[in-house]
Amino acid sequence: MFNNVGWIIEGKIKKGREAEFKAIVDEMVDATKKEGGTLNYQYYVTDDGKVLIYEHFKDSESAHKHIDSWDAFAERWMAAAEPTRLVHLGDMPQELRERHSGLKSILYHPYAGFDRSEGKLH
């Protein structure tokens with residue numbers, strides 16, 4: 001069907017910390033651009049400061065590398081925003097899921113759909 005290693009994180013920017021949050025996110029985006037295996041790293045924010053982040057990786061090795069990078073930013077990110085939900089998507093090895101132990105995650109397995117990556121229908 002398809003292979004997906006990734007997650008969605010939801011959170012809320014803390015009141016008065018909007019500029020601080022934007023600065024740390026910009027640093028994280030710049031650092032993540034250097035990770036060749038990070039295919040999607042997208043932040044979405046509502047007008048009232050709710051945050052949704054979509055992250056999709058080439059494979060579990062790439063996801064581990066990204067979490068290594070996250071470790072350098074985690075304290076500052078969580079000082080500016082409160083993470084509220086983590087959803088792991090696809091084929092997430094347990095050791096990778098445990099690296100997100102700060103949040104209780106929900107694991108969604110592939111069920112139906114397709115993947116058009118690399119010009120093929122999977």
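In the block above lies the structure referred to throughout.
Residues numbered from 1 in each chain as written. Predicted model: local features only at pLDDT ≥ 70, side-chain atom pairs only at ≥ 80, totals over all residues. Heavy atoms only, no water.

*Asks:* Before we move on, can you summarise the sheet that holds strand β2 (residues 38–45) with the specific residues and values?
*Replies:* Hydrogen bonding along the main chain pairs the strands of a sheet, whether they run parallel or antiparallel. Ordered by their spatial adjacency, 5 strands build an open sheet running β2-β3-β1-β4-β5, and the pairing between neighbours is mixed. Each edge of the sheet is formed by a strand with only one pairing partner; in this case those strands are β2 and β5 (105–108). For this sheet, the mean angle separating the axes of adjacent strands, direction not counted, is 15°. Bridge count for strand β1 (residues 5–13) against strand β3 (residues 50–57) is 8 bridges, and the pairing is antiparallel. (Pairing = 2+ DSSP bridges. Helix = DSSP H or I, 4+ residues; strand = E, 2+ residues; numbered from the N terminus. Axes fitted to C-alpha atoms, helices over the stretch in contact; angles between N-to-C directions.)

*Asks:* Give me the environment of Glu27: which residues, what numbers.
*Replies:* Here Glu27 lies in helix α1 (residues 18–33). Placed 46 residues apart in sequence, Glu27 and Phe73 show a C-alpha to C-alpha distance of 8.7 Å. Beyond its immediate chain neighbours, meaning those up to four positions away, Glu27 contacts Phe73 and Arg76. (Contact = heavy atoms within 4.5 Å.)

The quantities given are spatial measurements derived from coordinates; they are silent on function.
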